[in-house]
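Residues per chain, in single letters:
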Amino acid sequence: MLKVYCYSKCSTCKKALKWLDEKKIKHEVVDIKADHPDEKTLRKFYAASGLPLKRFFNTSGMQYRELELSKKLPGMSEDEQFAILASDGMLVKRPLLVGKDFVLTGFKQVEWEEKLL
């Protein structure tokens, strides 16, 4: 079954969940703030995604800005980036859609349609 890591107050997450419901696609919702993925899980998601690691960061989030990660990430090792991502679910781009053999970050309807329909 699909897992969708979301934050309940996120408007993009709400849109994504509504889209899944409208398409009658079964999914499990995981609260990314309360039950965020650990470092090992994030590494697995990253490997399955084929995306750059930067795409896993919620670049518009408050924590991202407060930690000035836009300045710090380029100088950080991959291990350091994974460690900081795993430290707080609010740093992770959402919704995070996890399927059997794929992972998508954010809600881009075209990408979701290609993987799910």
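Going by the structure above, here's the rest.
Please read these numbers as outputs of a predicted model, since none were measured by experiment. (Residues numbered from 1 in each chain as written. Predicted model: local features only at pLDDT ≥ 70, side-chain atom pairs only at ≥ 80, totals over all residues. Heavy atoms only, no water.)

Engineer: Tell me about the sheet that holds strand β2 (residues 27-31), and name the residues and values.
Structural biologist: Taken in spatial order, the four strands make up an open sheet running β2-β1-β3-β4, and their pairing is mixed. Looking at which strands have only one partner, the edges of the open sheet turn out to be β2 and β4 (103-105). The mean angle between the axes of side-by-side strands here comes to 20°, regardless of whether they run parallel or antiparallel. Note that strand β1 (residues 2-6) and β2 share five bridges and pair parallel. (Pairing = 2+ DSSP bridges. Helix = DSSP H or I, 4+ residues; strand = E, 2+ residues; numbered from the N terminus. Axes fitted to C-alpha atoms, helices over the stretch in contact; angles between N-to-C directions.)

Engineer: For the packing of helix α1 (residues 11-22) against helix α6 (residues 109-116), give the residues involved together with the corresponding values.
Structural biologist: Packing of α1 against α6 brings their axes to within 12 Å, and their N-to-C directions diverge by 35°. Classified by chirality, the crossing of α6 by α1 is right-handed. Each of Ala 16, Trp 19 and Leu 20 in α1 lies in contact with α6, whose residues at this interface are Gln 109, Trp 112, Glu 113 and Leu 116. Partitioned by chemical class, the residues of the contact of α1 with α6 number five nonpolar, one polar and one charged. (Left-handed = near helix turned anticlockwise from the far one by under 90°. Contact = heavy atoms within 4.5 Å. Nonpolar A, V, L, I, M, F, W, Y, C, P; charged D, E, K, R; others polar.)

Engineer: Please provide a residue-by-residue account of the pattern of salt bridges, values included.
Structural biologist: Applying the stated criterion across every chain, the model contains five salt bridges. Among the ionic pairs, Arg 43 bridges to Glu 39, the shortest N-O distance being 3.1 Å. Residue Arg 43 and its partner Glu 39 are both found in helix α2 (residues 39-49); the two are separated by four residues, about one turn of the helix. The salt bridge involving Asp 79 is made with Arg 43; its shortest N-O contact spans 2.6 Å. Separated by 36 residues along the polypeptide, Asp 79 in helix α5 (residues 78-87) and Arg 43 in helix α2 bring together distant segments of the chain. For Asp 79, a relative accessible area of 47% gives the class partly exposed. By relative accessible area, which is 28% here, Arg 43 ends up partly exposed. Among the charged side chains, a salt-bridge network with shared partners connects Glu 39, Arg 43 and Asp 79. (Salt bridge = Lys/Arg side-chain N within 4 Å of Asp/Glu carboxyl O. Buried < 20%, exposed > 50% of the residue type's maximum accessible area, 1.4 Å probe, protein only.)

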